[in-house]
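One letter stands for each residue in the lines below.
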Amino acid sequence: MKSLKISLEMAQKVKEFVALTQDCPYEILLKSGKYVVDAKSILGIFSLDLSQPLTVEIYSNDCDDFLKKLQAFAA
């Protein structure tokens, strides 16, 4: 498992993030405090407090290319 802090303060950023996650075959979760949602679910993401940084947890050891793409969202 790998994790990274990101920021998704605007709706456009959420749409871009979900578009990236849709192509990934592994499980990706987003955490905000005690809440955890599927990172591929746009409705789940909008249920989180987007004013605070979120933690992305990627359940794969072969996801370096995806981590590079996530740098655009780094908090």
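Data block above holds the structure.
Our subject in this report is the structure included herewith. Quick caveat: nothing in here was measured; it's all calculated off a predicted structure.

1. Describing the sheet that holds strand β4 (residues 54–58)
Adjacent strands of a sheet pair through backbone hydrogen bonds, lying either parallel or antiparallel. Strand order in the open sheet formed by four strands is β1-β4-β2-β3, with antiparallel pairing between adjacent strands. On the outer flanks of this sheet lie β1 (2–6) and β3 (35–38), each paired with one strand and no other. Averaged over all pairs of adjacent strands, the angle between strand axes in this sheet comes to 25°, irrespective of strand direction. One ladder, built from four bridges, connects strand β2 (residues 28–32) with β4; its direction is antiparallel. Along β4, the bridge assignment pairs L30 with V56.

2. Observations concerning the environment of L8
Within the element layout of this structure, L8 appears in the loop between β1 and α1 (11–22). The sequence separation of L8 and G33 amounts to 25 residues, and the corresponding C-alpha distance is 15 Å.

3. Quick look at the side chain of T21
Residue position: T21 is located in helix α1. Residue T21 is classed as buried on the basis of its relative accessible area, which comes to 0%. A distance of 2.8 Å separates the side chain of T21 from the backbone oxygen of V18, its partner in a polar contact. Polar contacts involving the side chain of T21 include one to the main-chain carbonyl oxygen of A39, which spans 3.3 Å. What T21 contacts, discounting residues up to four positions off in sequence, is I28, A39, K40 and F66.

4. Some words on the side chain of T55
Tracing the chain through its elements places T55 in strand β4. One polar contact links T55 to K5, side chain to side chain, over a distance of 3.1 Å. Leave out the neighbours within four places in its chain, and T55 touches S3, L4, K5, L29, L30 and K31.

5. Points about the packing of aromatic side chains
The description of an aromatic ring pair rests on the distance of the ring centres and on the angle between the ring planes. Overall, the coordinates contain two aromatic pairs when judged by the stated rule. Look at F17 and F73: their rings are 5.9 Å apart centre to centre, the planes differ by 85°, and that puts the pair in the edge-to-face class. Taken together, the positions of F17 in helix α1 and F73 in the segment after α3 (64–70) put the pair 56 residues apart, joining distant regions of the chain. For the pair Y26 and F66, a centre-to-centre distance of 6.3 Å together with 70° between the ring planes defines the contact as edge-to-face. Here Y26 is found in the loop between α1 and β2, whereas its partner F66 is found in helix α3, with 40 residues between them in sequence. Residue classification places Y26 among the buried positions, given a relative accessible area of 13%. F66 sits in the buried class, given a relative accessible area of 2%.

What counts and how
- Residues numbered from 1 in each chain as written.
- Predicted model: local features only at pLDDT ≥ 70, side-chain atom pairs only at ≥ 80, totals over all residues.
- Heavy atoms only, no water.
- Pairing = 2+ DSSP bridges.
- Helix = DSSP H or I, 4+ residues; strand = E, 2+ residues; numbered from the N terminus.
- Axes fitted to C-alpha atoms, helices over the stretch in contact; angles between N-to-C directions.
- Buried < 20%, exposed > 50% of the residue type's maximum accessible area, 1.4 Å probe, protein only.
- Polar contact = N/O pair within 3.5 Å; in protein donor to acceptor, adjacent residues only side chain to side chain.
- Contact = heavy atoms within 4.5 Å.
- Phe/Tyr/Trp six-rings, centres within 6.5 Å; stacked < 30°, edge-to-face > 60°.

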